[in-house]
Every structure is written in C-alpha cells, then in structure tokens.
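Structural description and commentary
Now for the letters of each chain:
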Amino acid sequence: MKHSEIKQHIINTASDLFYANGYNATGINEIIAKAGIAKATLYNHFRTKDDICIAYLKYKHTYFMVALRNYIEGKPKGKFQLLGIFDFLKEFYREASFNGCWCIRTVAEIPAENVEIRNEIQNQKQELLTFLREVVTNNIQNLSNAEAEKITNGLYLLYESAVSESHLHQSDWPIYSARDVGAQLIA
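Conventions used here
- Residues numbered from 1 in each chain as written.
- Predicted model: local features only at pLDDT ≥ 70, side-chain atom pairs only at ≥ 80, totals over all residues.
- Heavy atoms only, no water.
- Salt bridge = Lys/Arg side-chain N within 4 Å of Asp/Glu carboxyl O.
- Buried < 20%, exposed > 50% of the residue type's maximum accessible area, 1.4 Å probe, protein only.
- Helix = DSSP H or I, 4+ residues; strand = E, 2+ residues; numbered from the N terminus.
- Phe/Tyr/Trp six-rings, centres within 6.5 Å; stacked < 30°, edge-to-face > 60°.
- Lys NZ or Arg CZ within 6 Å of the ring centre and 35° of its normal.
- Axes fitted to C-alpha atoms, helices over the stretch in contact; angles between N-to-C directions.
- Parallel < 35°, antiparallel > 145°, perpendicular 65-115°, else oblique.
- Left-handed = near helix turned anticlockwise from the far one by under 90°.
- Contact = heavy atoms within 4.5 Å.
- Polar contact = N/O pair within 3.5 Å; in protein donor to acceptor, adjacent residues only side chain to side chain.

Turning our attention to the pattern of salt bridges. The final tally for this structure, using the stated rule, is six salt bridges. Ionic pairing is found between Asp 51 and Arg 47, a salt bridge with its closest N-O pair at 3.2 Å. We classify Asp 51 as buried; its relative accessible area is 17%. Ionic pairing is found between Glu 134 and Arg 69, a salt bridge with its closest N-O pair at 3.5 Å. Linking Glu 134 in helix H8 (residues 115-139) with Arg 69 in helix H4 (residues 49-73), this pair joins segments that are 65 residues apart in sequence. Taking relative accessible area as the criterion, Arg 69 reaches 29% and is therefore assigned partly exposed. Salt bridges sharing partners connect three or more residues here, namely Arg 69, Glu 73 and Glu 134.

Right under this line is the structure:
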C-alpha cells in the first residue's frame, strides 16, 4: 500500500473503533491489531492518539457534510430543504452502526484542557451552523440577520438534541418530534 493508503486505512480503522467503543476505551494497541500494522507504521503516520482522534473527527465530519449537503440540495426548495436535516438524520439513525454524534461522544471523554480536540469539534459544529444558515437564507426570503440567526440556531439545537436523544432512547421519535417543532419554527 502507498503511504496515503496506509494512513487512510489507519484512520478508517480508528474511526470504526472510536465511534463504536469510544475514544478512551480504544487503545493504540487495539488500533494497531485491527489495522494489521506494526506499531512503527502507526507512529510513522501519527505522533499521538490525539492526532489519530483529530484525523477521525475530520474524516467523519467531511463524509457527513458532503452527504448532508448532497441530500439537502437534492430536495425541492423551501420547506423540504429547511427540514431536510431531520430527514437526513432519519436515514442516519437507521444505519446499523448509528451511535449518536461522534463529536459529542468524543468531547464528553476528553479533559477540558484538551484544547486541540475541543477546537476541532467546535469548528465542525460551527461549519454545520454555517451550512444551516445558508439553507435558511436560500429558502426563506426577506429575513433579517436576527431572524435568520434565530431560525438557524433553533434548527441546529433541534437537530443536535434529536441526535442525542434518538441515541439515548434507541428510538426515532426524537427525530420526528424535532422535525415537527422545526416546521413550526420556519412557519
């Protein structure tokens, strides 16, 4: 395998383990064993477990944002795009590997002083907010900045709570409820 293929293989392996088992419960030796690589190979690509975690977070986020953007852009303009994040979440929830939000799971496990991982997660959440703001302003005409921010923040908070609560309850009712409240918010 090429250098970049090995690195991606490590990221894929670590991603599966971190998402399924959690950051703290996944050790370097487990990643090495599952990836079928030597310890030196892992350290040739990543200095620390935190470096692997950041690569994992970026990998999951990139995949998520591309899939979300494509999903919403494939919907008719208006209400369908505005509420598309909840419809997307319904499909995400139905995946056998659904385990909630990888960012929230990770940030709950790291100490407050781990600024690098925390900053990566905050940046990812900010990118989601920015995307939602684009969806709102592209689908609701003549909004003031304050109105656009209120709707964007409301949809974001509804989405985030739907992810967490659907995972907690192992049920999709929080997604349906969040979508209903979102529809009232944009009405």
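Here we take up the packing of aromatic side chains. In total, this model carries nine aromatic pairs according to the counting rule given. Ring centres of Phe 18 and Tyr 56 lie 5.2 Å apart, and the angle between their planes is 65°; this geometry places the pair in the edge-to-face category. Placement of Phe 18 in helix H1 (residues 3-21) and of Tyr 56 in helix H4 is noted, with a sequence separation of 38 residues between them. Just as Phe 18 is buried, Tyr 56 falls in that class too. When the ring of Tyr 93 is compared with that of Phe 98, the centres are 5.2 Å apart and the planes differ by 65°; the resulting orientation is edge-to-face. Through pairs of rings, three or more aromatic residues link up here, namely Phe 64, Tyr 71, Phe 88, Phe 92, Tyr 93, Phe 98, Trp 102 and Tyr 159. Over the ring of Tyr 23 we find Lys 49; its NZ or CZ atom is 4.4 Å from the centre of that ring. When the ring centre of Tyr 19 is taken as origin, the NZ or CZ atom of Lys 60, which lies over that ring, is 4.0 Å away.

Let us look at the packing of H4 against helix H6 (residues 84-94). Where H4 meets H6, the axes come as close as 10 Å, and the angle between the chain directions of the two elements is 120°. Judged by the inter-axis angle, H4 sits oblique to H6. The chirality of how H4 crosses H6 is right-handed. Mapping the contact onto sequence places Phe 64, Ala 67, Leu 68, Tyr 71 and Ile 72 in H4 and Gly 84, Ile 85, Asp 87, Phe 88 and Glu 91 in H6.

This part is about the side chain of Asn 139. Within the secondary structure layout, Asn 139 lies in helix H8. Within the local environment of Asn 139, its side chain forms a polar contact with the backbone nitrogen of Gly 78, the two atoms lying 2.6 Å apart. What Asn 139 contacts, discounting residues up to four positions off in sequence, is Lys 77, Gly 78, Gln 81 and Leu 82.

Let us now look at unusual backbone geometry. Not every positive phi belongs to a glycine, and Asn 142 is a case in point at roughly 60°. Within the secondary structure layout, Asn 142 lies in the loop between H8 and helix H9 (145-169). Overall, the relative accessible area of 79% leaves Asn 142 in the exposed class. Of note, the phi angle at Gln 170 is positive, near 50°, even though the residue is not glycine. Structurally, Gln 170 is set in the loop between H9 and helix H10 (173-186).

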